[in-house]
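# Structural overview
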Amino acid sequence: QVQLVESGGGAVQAGGSLRLSCAASGRTFSSYTMGWFRQAPGKEREFVAAITRSGISTYYADSVKGRFTVSRDNAKNTLYLQMNSLKPEDTAVYYCVADQHAAAGRSKEVYEYGYWGQGTQVSVSS
């Protein structure tokens, strides 16, 4: 059982930066593949980024590649998403996800992650 709580969302100007955090409860945080999804109003939830259990390898949706960086600190049971060069189309609710059986490089679907946070709003103005 894992509980995930996102924080760090807010309103920023286009071109600005924001860092999201996800605090995880649980004894075996390092055994979970972690990632981020987002959902804009009226649109389906989509994959953003994922990171392996060790934090060595990361994977990104084409829409955010080169602008976003996902990282984790297993000692602090925390996942991060650094977002730079933000665009209005990045506006969405961002969700932290985790799963013991997901593979960061292959798992990019909602159903592949069993644990979800409550979401945090990111709004980017032009």
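Residues numbered from 1 in each chain as written. Predicted model: local features only at pLDDT ≥ 70, side-chain atom pairs only at ≥ 80, totals over all residues. Heavy atoms only, no water.

### Considering the side chain of serine 107
Using the following cut-off: Think of it this way: any DSSP run of H or I at least four residues long counts as a helix, any run of E at least two long counts as a strand, and we number them from the N terminus. Here, two residues are considered to be in contact whenever any of their heavy atoms come within 4.5 Å of each other.
Tracing the backbone through its elements, the reader meets serine 107 in the loop between strand E9 (92-99) and strand E10 (115-116). Excluding residues within four positions of it along the chain, serine 107 makes contact with Phe47, Ala102, Glu112 and Tyr113.

### With respect to unusual backbone geometry
Applied cut-off: Summary of the burial criterion: residues with accessible area below 20% of their type's maximum are buried, those above 50% are exposed, and those between are partly exposed, where the area comes from a 1.4 Å probe applied to protein chains only.
A positive phi angle is found at asparagine 77, which is not glycine, with a value near 55 degrees. Among the secondary structure elements, asparagine 77 is positioned in the loop between strand E7 (68-73) and strand E8 (78-83). Even without glycine at this site, serine 85 takes up a positive phi of about 50 degrees. Considering the arrangement of structural elements, one finds serine 85 in the loop between E8 and E9. Residue class for serine 85 comes out partly exposed when judged on its relative accessible area of 41%.

### Considerations on the pattern of salt bridges
To keep things clear, this is the line we draw: A carboxyl oxygen of Asp or Glu within 4 Å of a side-chain nitrogen of Lys or Arg is what we treat as a salt bridge.
Within the structure shown, the criterion is met by four salt bridges. Note that aspartate 90 and arginine 38 form a salt bridge whose closest N and O atoms lie 2.9 Å from each other. Highlighted residues: aspartate 90 in the loop between E8 and E9 and arginine 38 in strand E4 (residues 33-39), separated in sequence by 52 residues. Each member of the pair, aspartate 90 as well as arginine 38, is classed as buried. Of the residues examined, aspartate 90 reaches a relative accessible area of 0% and is grouped as buried. The network of salt bridges with shared partners includes Arg38, Glu46, Arg67 and Asp90.

### Some details on the environment of valine 12
Position of valine 12 relative to the elements: it lies in strand E2 (residues 10-13). Between the alpha carbons of valine 12 and threonine 91 there is a distance of 9.7 Å; along the sequence they are 79 residues apart. Ignoring any residue separated from it by four or fewer positions in sequence, one finds valine 12 in contact with Ser17, Leu18, Leu86, Ser123, Val124 and Ser125.

### Brief notes about the sheet that holds strand E1 (residues 3-7)
Applicable threshold: Any two strands are treated as partners once DSSP identifies two or more bridges connecting them. Between N-to-C directions, angles span 0 to 180 degrees; the directions come from axes that are lines fitted to C-alpha atoms, helices contributing only their stretch in contact.
The antiparallel open sheet is built from four strands, whose spatial order is E1-E3-E8-E7. Looking along the sheet, the strands with just one partner apiece sit at the ends: E1 and E7. For this sheet the average axis-to-axis angle between neighbouring strands, irrespective of direction, equals 15 degrees. Where E7 lies against E8, six bridges are found, and the strand directions are antiparallel.

### A closer look at the packing of aromatic side chains
Here a ring pair, both rings aromatic, is described through the centre-centre distance and the interplanar angle of the planes. The condition is simple: Aromatic pairing here means that ring centres of Phe, Tyr or Trp (its six-membered ring) are within 6.5 Å. Orientation follows from the plane angle: under 30 degrees is stacked, over 60 is edge-to-face, and everything else is tilted. Cation placement over rings: the criterion is NZ of Lys or CZ of Arg within 6 Å of the ring centroid and within 35° of the ring normal.
For the coordinates displayed, the defined rule picks out five aromatic pairs. Where tyrosine 95 meets tryptophan 116, the ring centres are 5.9 Å apart and the plane angle is 65 degrees; that geometry is what we call edge-to-face. Highlighted residues: tyrosine 95 in strand E9 and tryptophan 116 in strand E10, separated in sequence by 21 residues. A relative accessible area of 24% places tryptophan 116 in the partly exposed class. Put simply, the rings of Phe37, Phe47, Tyr95, Tyr113 and Trp116 pair up and form one aromatic cluster. In this structure, arginine 45 is placed above the aromatic ring of tyrosine 95, and the distance from its NZ or CZ to the ring centre is 4.0 Å.

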